[in-house]
2 protein chains.
Amino acid sequence: MSEFSICRLDAGSPDFSQALEQLLAWESVADQNVISAVTEILREVKARGDAAVIEYTNRFDRRDLKSAGDFCLDRAALTDALERISAEKRAALETAAKRVRDYHEHQLQSSWQYREADGTVLGQQITPMERVGIYVPGGKASYPSSVLMNAIPARVAGVDEILMVVPAPDNQLSDLVLAAAAIAGVDRVFTIGGAQAVAALAYGTETVARVDKIVGPGNIFVASAKRAVFGQVAIDMIAGPSEILVICDGKTDPDWIAMDLLSQAEHDEQAQSILLSPDAAFLDAVANSLEKQLETLPREAIARRSIAGRGALILVRDIEQAIEVSNRIAPEHLEVSVDDPEQYLPRIRHAGAIFLGRYTAEALGDYCAGPNHVLPTSGTARFSSPLGVYDFQKRSSIIYCSPQGADTLGRVAATLAKGEGLDAHARSATYRVTEGGV
Amino acid sequence: MSEFSICRLDAGSPDFSQALEQLLAWESVADQNVISAVTEILREVKARGDAAVIEYTNRFDRRDLKSAGDFCLDRAALTDALERISAEKRAALETAAKRVRDYHEHQLQSSWQYREADGTVLGQQITPMERVGIYVPGGKASYPSSVLMNAIPARVAGVDEILMVVPAPDNQLSDLVLAAAAIAGVDRVFTIGGAQAVAALAYGTETVARVDKIVGPGNIFVASAKRAVFGQVAIDMIAGPSEILVICDGKTDPDWIAMDLLSQAEHDEQAQSILLSPDAAFLDAVANSLEKQLETLPREAIARRSIAGRGALILVRDIEQAIEVSNRIAPEHLEVSVDDPEQYLPRIRHAGAIFLGRYTAEALGDYCAGPNHVLPTSGTARFSSPLGVYDFQKRSSIIYCSPQGADTLGRVAATLAKGEGLDAHARSATYRVTEGGV
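Just so it is clear, the structure is predicted and the values come from calculations on it, not from any experiment.

Quick notes on the rules
- Residues numbered from 1 in each chain as written.
- Chains lettered and ligands numbered in written order.
- Predicted model: local features only at pLDDT ≥ 70, side-chain atom pairs only at ≥ 80, totals over all residues.
- Heavy atoms only, no water.
- Helix = DSSP H or I, 4+ residues; strand = E, 2+ residues; numbered from the N terminus.
- Buried < 20%, exposed > 50% of the residue type's maximum accessible area, 1.4 Å probe, protein only.
- Contact = heavy atoms within 4.5 Å.
- Areas by Shrake-Rupley, 256 points an atom, 1.4 Å probe, with all protein chains shown as cover.
- Lys, Arg positive; Asp, Glu negative; His and termini not counted.
- Charge placed at Lys NZ, Arg CZ, Asp CG, Glu CD.
- Pairing = 2+ DSSP bridges.
- Axes fitted to C-alpha atoms, helices over the stretch in contact; angles between N-to-C directions.
- Disulfide = S-S within 2.5 Å.
- Least-squares fit on C-alpha atoms with pLDDT ≥ 70 in both.
- UniProt positions renumbered as here; feature names shortened; annotations may be inferred.
- 1 Å grid on protein atoms, 1.4 Å probe; cavity = no way out; pocket = protein on both sides within 12 Å on 5 of 7 lines; lining within 4 Å.
- Polar contact = N/O pair within 3.5 Å; in protein donor to acceptor, adjacent residues only side chain to side chain.
- Points joined across faces, edges and corners; volume = space filled by probe spheres on them.
- Domains from an automatic or database assignment.
- Expected span 1.5 Å × (residues − 1).
- Buried area = accessible area lost by both parts, 1.4 Å probe.
- Salt bridge = Lys/Arg side-chain N within 4 Å of Asp/Glu carboxyl O.
- Nonpolar A, V, L, I, M, F, W, Y, C, P; charged D, E, K, R; others polar.

Right, let's talk about the overall build of chain A for a bit. Summing up its helical and strand segments, chain A has 16 helices and 15 strands in all. In terms of overall dimensions, chain A has a C-alpha envelope of 85 × 60 × 45 Å along the principal axes. Residues classed as buried in chain A amount to 60% of the 438 residues present. In chain A, the share of contacts with a sequence separation of at least 24, taken over all contacts with a separation of at least 6, comes to 75%. When the accessible surface of chain A is summed, it comes to about 15,800 Å², and 49% of that surface belongs to carbon and sulfur atoms. In chain A, 42 side chains carry a positive charge and 59 a negative one; their mean positions are 6 Å apart.

All right, on to the environment of Ala47 of chain A then. By the element assignment, Ala47 of chain A lies in helix 2 (residues 32-48). It is 9.2 Å that separates the C-alpha atoms of Ala47 of chain A and Thr205 of chain A, two residues lying 158 residues apart in sequence.

Take the sheet that holds strand 11 (residues 272-277) of chain A next. Pairing is mixed across the open sheet formed by nine strands, whose spatial order is 1(A)-12(A)-11(A)-10(A)-13(A)-14(A)-15(B)-4(B)-3(B). Edge strands, defined here as strands with exactly one partner in the open sheet, are strand 1 (7-10) of chain A together with strand 3 (112-115) of chain B. Direction aside, neighbouring strands of the sheet carry axes that sit 20 degrees apart on average. Strand direction decides the pairing type here: strand 10 (residues 243-248) of chain A and strand 11 of chain A, joined by five bridges, are parallel. In the strand pairing of strand 11 of chain A, Val246 of chain A is matched with Leu275 of chain A. Helix 13 (residues 319-329) of chain A rests against strand 10, strand 11 and strand 13 (333-337) of chain A of the sheet, and its axis sits at about 165 degrees to strand 10 of chain A.

Take the state of the cysteines next. Summed over the entire model, instances satisfying the criterion amount to zero disulfides over all chains. Note on Cys7 of chain A: no disulfide assigned, nearest cysteine sulfur contributed by Cys248 of chain A at a separation of 19 Å. Judged by its relative accessible area of 27%, Cys7 of chain A is partly exposed. With no disulfide of its own, Cys248 of chain B lies closest to Cys401 of chain A among cysteine sulfurs, the gap being 16 Å.

Right, let's get into the sheet that holds strand 9 (residues 234-235) of chain A. Remark on secondary structure: sheet strands pair via backbone hydrogen bonds, oriented parallel or antiparallel. Residue and element names in this part refer to chain A. The strand order across the open sheet built from six strands is 2-7-6-5-8-9, with neighbouring strands paired in mixed fashion. Edge positions in the sheet fall to strand 2 (72-73) and strand 9, since each of these pairs with one other strand and no more. Bridging between strand 2 and strand 7 (residues 188-190) involves two bridges; their strand directions are antiparallel. Residue pairing in the sheet places Leu73 in a bridge with Val189 of strand 7. Along the sheet, helix 8 (residues 194-203) contacts strand 5 (131-135), strand 6 (161-165) and strand 8 (213-215); its crossing angle with strand 5, the most-contacted strand, is approximately 175 degrees.

What follows concerns unusual backbone geometry. All names here are of chain A. Look at Arg62: it is not a glycine, yet its phi comes out positive at around 55 degrees. As for its placement among the helices and strands, Arg62 is situated in the loop between helix 3 (50-61) and strand 2. Positive phi, normally seen in glycine, also occurs at Asp340, with a value near 45 degrees. With respect to the helices and strands, Asp340 occurs in the loop between strand 13 and strand 14 (353-356).

With that settled, the discussion passes to the relation of the copies chain B and chain A. Mapping chain B onto chain A is achieved by rotating through 180 degrees and translating by 0.0 Å along the same axis, at an RMSD of 0.0 Å. Taken together, the rotation and translation describe the operation of a two-fold axis. Closest approach to the rotation axis within chain B is made by the C-alpha atom of Arg227 of chain B, at a distance of 4.1 Å. Of the interface residues in chain B, 99% have counterparts in chain A that sit at the interface too, so the contact is made through matching surfaces.

Residues and elements named next belong to chain A. In this numbering, the UniProt entry assigns the feature "active site" (unreviewed entry) to Glu332 and His333. Considering only the annotated residues already named, the ones lining the largest cavity are His333. Considering the arrangement of structural elements, one finds Glu332 in the loop between helix 13 and strand 13. Relative accessible area serves as the criterion here: at 5%, Glu332 is assigned to the buried category. Apart from the residues lying within four places of it in its own chain, the contact partners of Glu332 are Pro241, Ser242, Glu243, Ala351, Gly352, Ala353, His373, Leu375, Pro376 and Thr377. Within polar-contact distance, the side chain of Glu332 engages the side chain of Ser242 at 3.0 Å. With respect to the element layout, His333 can be found in strand 13. Looking at His333, the relative accessible area reads 3%, which means it is buried. Of the polar contacts made by the side chain of His333, one reaches the backbone oxygen of Glu243; its length is 2.8 Å.

Turning to the side chain of Ser384 of chain A, a few remarks are in order. Its place among the elements puts Ser384 of chain A in the loop between helix 14 (362-367) and strand 15 (393-400). The contact partners of Ser384 of chain A, leaving out residues within four places of it in the chain, are Met237 and Pro376 of chain A together with Lys394 and Arg395 of chain B.

Moving on: empty space enclosed by the protein. All chains considered together, the criterion is met by one cavity of 30 Å³ or more. Size it by volume and the largest cavity reaches roughly 30 Å³. Taken together, His333, Ala353, Phe355, Glu362, Gly365, Pro371, Asn372, His373 and Leu375 of chain A together with Ile399 of chain B form the lining of the largest cavity.

Here we take up the environment of Leu345 of chain A. Along the polypeptide, Leu345 of chain A turns up in the loop between strand 13 and strand 14. Considering only alpha carbons, one finds Leu345 of chain A and Tyr143 of chain A, 202 residues apart in sequence, at a separation of 31 Å. In contact with Leu345 of chain A, other than residues within four places in its own chain, are Ile354 and Leu356 of chain A together with Gln113, Gln125 and Ile398 of chain B.

What the domain assignment lists for chain A is domain 1 (7-28 + 240-369), domain 2 (32-111 + 131-235) and domain 3 (401-430). Spacing between the C-alpha centres of domain 1 of chain A and domain 3 of chain A amounts to 57 Å.

Because side chains alternate across strand 3 of chain B, one face comprises the buried residues Trp112 and Tyr114 of chain B, and the other comprises Gln113 and Arg115 of chain B, none of which is buried. As consecutive antiparallel partners, strand 3 of chain B and strand 4 (residues 121-128) of chain B are separated by five residues, and within that stretch Gly119 of chain B has a phi angle of approximately 95 degrees, a positive value.

Residue and element names in this part refer to chain B. In this model, helix 6 (residues 144-157) (14 residues) spans 20 Å end to end at C-alpha, consistent with the 20 Å of a helix rising 1.5 Å per residue. Among the 14 residues of helix 6, 13 are classified as buried, and the element is accordingly described as predominantly covered. Of the residues trailing helix 6, Gly158 is marked for its positive phi of about 95 degrees.

Further remarks concern the interface of chain B and chain A. Counting residues at the interface gives 123 residues for chain B and 122 residues for chain A. Contact between chain B and chain A buries roughly 11,000 Å² in total, counting both sides, with carbon and sulfur atoms accounting for 58%. Run the count over chain B and chain A and you get eight salt bridges. In this structure, Glu116 of chain A and Arg99 of chain B form a salt bridge, with 2.7 Å as the shortest nitrogen-oxygen distance. The tally of links between chain B and chain A comes to 73 residue pairs in polar contact (both at pLDDT 80 or more). A total of ten residues in the side of chain B that touches chain A trace back to one element, the largest contributor, which is helix 15 (residues 403-419) of chain B. Per-class residue counts for the side of chain B that touches chain A are 62 nonpolar, 33 polar and 28 charged. Sheet topology places strand 15 of chain A next to strand 14 (residues 353-356) of chain B; four bridges connect them, and they run parallel.

This is the structure in structure tokens:
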């Protein structure tokens, strides 16, 4: 058994700001070797299409692909997997999918227009993207819940075609992942991964149609490839390690709170679990519970390193101070485990997802509550949102001027265009102004 | 006088697809020298703050800054500029700002919640970002309209603080730009530009507070810097040259349509102007008008190179085929200069902004119609939207489980968590399940 350790801080101490900054410090490091490798892979796939995809896949995933057909799965392969999994797991996936779908339907945005007094119509037309690609990690980090969370919002948005890539290292594929793809309505699956899969989706190959957006998590090669193709296609955020911040008044069972912290810690050694409470004795009780419960976890080693390296128990003056600290951190997951938690919502400025009350374990949000589990990490909740239907819709402005509206607006536009030295702009507007106008 | 030339295509010819692809081909090239320079500037500003910003600004913009105070303008400097400009220009800016504000208020999104039968509450809380930075190019490409279009949506979203950076090469600053900043409600202006300004906004310095999002156009150094800091802060799209696609039935005055095409062409030699019409004689008439009107433009040289290098007149079978071609191009600006244009809206899938009818010159949208002029270029309307209020708001999911809801959901989550080998997730959920549960 390893020694138990976790960082303890006091928000009232003079060096707290600095200590908090150190605690949060984390940077994704893509070294020059990764960037060079990714640049080459992108260039090769762009130039040589399927042939390059096959070569890289055989090399990195130890496959024996002969032709592009060998990395394609159709809908039948997905529904076959659905038949193979247990009835209990299938029912759980279907329940989760239904709840995720119901929730995301609330996010659908509709086109709108309004007419001005002179007859000019202004508005915005909202339409779905045509084709999107979902990256699903293979091997051990292969999560069916992630398939549901990425594909269902796209389907609800009305995207025409959803492609999925998932690597099959040593020909291993997860039936649960394929079953989730069947349930979520994925159209085609390609068993490829890494930067070569990102390149295939971004540029298109003979077999893989070019997509408009690539979403889903991946390793440093995948993240670097997504950053490089950003702009040619849309991408979601580049995710950092998962985090939870729990605010508790000290009246929730310490074993519950400890297990909530451990549910983040077991993801990844870099994951971060932080508890804020005004009750020092409660912090001690949670520390004891963490120590006790860690030993019972199958993923003890990972969770222990995460808790020791990045976890923290922080004493605060009161719940208000806890929320101030939370707003500075902008956590991915925020649990507010207190009485009457809704009163605090207006003061919470930045968080990916907010779990209110003692009964709302963060894990429910990972699987089946309905909201998306793809959330902004590493403080990016300051400016990013959970993945949603809005990520798969886009907008076109609509302007339909009446002759009278064109007259009024043309005069203003001509004045401003001349101020910017853009004469053709001014004249184009002035043509629609009635005689004697400008 | 130069020779007039413009590409002519026929959408019915067998090699049309290939010709169209060649016409659209355009790639932003950031060579290795630019990337190295930007990487160094970002690193220096991150490490040394104001001192590095001052050094680069003095070197690149030929300034003589002694301290950070020398690059700061407060609100008074902006309102002074507003007093200096002509009454006509001020009125035009104020009219434009009011219309842009009115339109963008239609984009405000509100938080929502719903309660399920067992008492569980789900929803999304929508909040503004705290602080954003607007990049405004200096010198000749310094456009007051761009200040309005970037700042007003942020103000409407409720952003607490709007910073603006605008370089002042050789100490030159545009009164119109500063006046627009005053009208749009910009809080502070820093007279810095280039990658050093992007770095200051992204990382913060002693003087420039770190922002959550950086928006606004810039040269290749600015674009490369924005790509590099993407993820640490949000950025808007990296814009390519401006484009217009006009669909006309042949019944609009050819001089009007020619001037609409020229209003794009005068922006930039790389700008692209394309006309689609089923009326071959009309295409000839527009070609003649282009030739005739080009000679009269102050920016003739730029517009001529744009029309010759990237412009095109394309014969189509009918308006339906024109829309098909337009959907493939996904233009930034789309003019539909036909009778009863609204009938075509449902078939238009991708466009930044749609200008309907013969009276709606694209230039009206650049200045004062109301919709934003920051639009997706180079085919990115397939997956991007006009800049809007939604770009300055972000969302937090809300989950508040009732005890009964936690019981139901906990069982599903535990099954799925076990399937993914995440035991702590399963146990955290199971703690909230009533006895005898899982």
